[in-house]
Amino acid sequence: MEYKNIIVEKEDSVATVTLSRPKALNALNKEILLETLHCFQQLALETEIKAVIITGAGDKSFVAGADISAMQKFDILEAKAFATLGHKVLSTIENLPQPVIAAVNGFALGGGCEIAISCDMRIASANAKFGQPEVNLGVIPGFGGTQRLPRLVGKGLANELLFSGNIIDAEEACRIGLVNRVVEQDVLMDECRKLAKSIAAKGVEAVRFCKEAVNNGFEMDLKRACEYEVDLFALCFASEDQQEGMTAFLEKRRPEFGK
Ligand code: CAA
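Residues numbered from 1 in each chain as written. Predicted model: local features only at pLDDT ≥ 70, side-chain atom pairs only at ≥ 80, totals over all residues. Heavy atoms only, no water.

Quick word on the overall build of the chain
- Within the chain, the secondary structure is distributed over 11 helices and 10 strands.
- C-alpha extents for the chain along the principal axes are approximately 65 × 40 × 35 Å.
- The proportion of buried residues among the 259 residues of the chain is 45%.
- In the chain, the proportion of contacts linking residues at least 24 apart, taken out of those at least 6 apart, comes to 69%.
- Of the roughly 13,700 Å² of accessible surface on the chain, 57% is carried by carbon and sulfur atoms.
- Of the side chains in the chain, 29 bear a positive and 36 a negative charge, and the two mean positions are spaced by 1 Å. (Helix = DSSP H or I, 4+ residues; strand = E, 2+ residues; numbered from the N terminus. Buried < 20%, exposed > 50% of the residue type's maximum accessible area, 1.4 Å probe, protein only. Contact = heavy atoms within 4.5 Å. Areas by Shrake-Rupley, 256 points an atom, 1.4 Å probe, with all protein chains shown as cover. Lys, Arg positive; Asp, Glu negative; His and termini not counted. Charge placed at Lys NZ, Arg CZ, Asp CG, Glu CD.)

This is the structure:
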């Protein structure tokens, strides 16, 4: 598939996906959603890619939400199809075998905030702004905001953002746990790459199992989730990385994973 609205770069086992519709502050229409879906479905199959970064083009916006001009004339069925596509994209990101870092480089509003929340980790630049302003448009979030935001920051704080449509800055987002940390914009991508590369250097199965344990465990009660962790822990012992990691420790050397 030829991409017109996203840019994909691959370097040192890390893929960077840049959402790029600069004229609309990278707002999400059907085309960019379909390209993003295709891209992440492909990345899921690329075992040489060990971590993914998603960001927005330019220095003003990560993603300013779903495309309002595309949605304005939707009927009920079109709205349902659009939200279903958005959910498919975000759950593909969320369930990608590789960890995904959101490099939030500006506005992360509506669908943009929802994309960031579907990632495993978020690093924001100091100028980033977060919010679910859908109520200002007479709608509710349609790409998972009412579900993932309360799970991430708690119900009370999520409700305030969802019901008021208030926009918060990066520091406030960090304070409530919506982002992991805030850095200056000129070092945002370096910080994200550094984190991605440090993850890529670990045992690939161990990182994948961690992600599976956290994501799937969240949907279970604690007892079942802990049993699930036990099974994944045991499965690690079928991997060469476990042998290498423990042997390297005992031989007092750095492990060489993926050999
Ligand atoms: N959809 C379509 N176009 C958008 C857009 C969006 N979500 N956000 C920005 N744009 C366009 C603007 O229309 C404008 O285009 P023109 O130059 O052709 O007029 C261009 O991007 C630049 O935007 P502004 O001139 O508005 O820039 P600004 O700096 O003054 O304001 C902003 C920036 C605060 C992000 C403002 O653009 C804004 O409020 N955007 C809408 C944010 C929003 O409501 N997002 C939620 C969308 S609904 C949603 O996402 C539902 C869901 O969950 C699926």
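Alright, that's what it looks like, and here's the rest.
Some details on the domain arrangement of the chain
- According to the domain assignment, the chain contains domain 1 (6-200) and domain 2 (204-250).
- For domain 1 versus domain 2, the distance between C-alpha centres works out to 27 Å.
- The partner domain 2 presents seven residues to the 14 residues of domain 1 that form the contact.
- Carbon and sulfur atoms make up 50% of the surface buried where domain 1 meets domain 2, a total of about 730 Å² over both sides.
- Viewed at the interface, domain 2 and domain 1 are joined by one salt bridge.
- At the boundary of domain 1 with domain 2, the tally comes to five residue pairs in polar contact (both at pLDDT 80 or more).
- Its residues placed into classes, the side of domain 1 that touches domain 2 shows seven nonpolar, three polar and four charged. (Domains from an automatic or database assignment. Buried area = accessible area lost by both parts, 1.4 Å probe. Salt bridge = Lys/Arg side-chain N within 4 Å of Asp/Glu carboxyl O. Polar contact = N/O pair within 3.5 Å; in protein donor to acceptor, adjacent residues only side chain to side chain. Nonpolar A, V, L, I, M, F, W, Y, C, P; charged D, E, K, R; others polar.)

Re unusual backbone geometry
- Despite not being glycine, L25 has its phi angle at roughly 50 degrees, a positive value.
- You can see L25 is positioned in the loop between β2 (14-19) and α1 (30-45).
- Residue L25 is classed as partly exposed on the basis of its relative accessible area of 28%.
- Even without being glycine, N26 reaches a positive phi, approximately 65 degrees.
- Within the secondary structure layout, N26 lies in the loop between β2 and α1.
- Of the residues examined, N26 reaches a relative accessible area of 1% and is grouped as buried.

Quick look at the site of the ligand
- Taken together, 22 residues lie near the ligand, and K60, A66, G111, E114 and E134 sit nearest.
- Between a nitrogen atom of the ligand and a main-chain N or O atom of I68, the distance comes to 2.9 Å.
- Here the ligand, which alone exposes 990 Å², has 60% of that area covered by the protein.
- Of all the secondary structure elements, the ones that give two or more residues to the shell around the ligand are α2 (68-71), β6 (107-109) and α4 (111-118).
- Split by residue class, the shell around the ligand holds 13 nonpolar, four polar and five charged. (Near = heavy atom within 4 Å.)

Thoughts on α4
- Within α4, eight of the eight residues are buried, which leaves it mostly tucked inside the rest of the structure.
- Within α4, burial applies to G111, G112, C113, E114, I115, A116, I117 and S118.

A word on empty space enclosed by the protein
- Inspection of every chain in the model, using the stated rule, returns one cavity of 30 Å³ or more.
- The volume enclosed by the largest cavity comes to roughly 40 Å³.
- What lines the largest cavity is K50, P97, Q98, P99, I199, A200, K202, V204, V207 and R208.
- Mapped by element, the contributors of at least two residues to the lining of the largest cavity are α8 (188-200) and α9 (204-218).
- Take the lining of the largest cavity: its biggest share by element is three residues, from α9.
- When the residues that make up the lining of the largest cavity are grouped by side-chain class, the tally is six nonpolar, one polar and three charged.
- Formed jointly, the lining of the largest cavity draws a minimum of three residues from each of two domains, domain 1 (6-200) and domain 2 (204-250). (1 Å grid on protein atoms, 1.4 Å probe; cavity = no way out; pocket = protein on both sides within 12 Å on 5 of 7 lines; lining within 4 Å. Points joined across faces, edges and corners; volume = space filled by probe spheres on them.)

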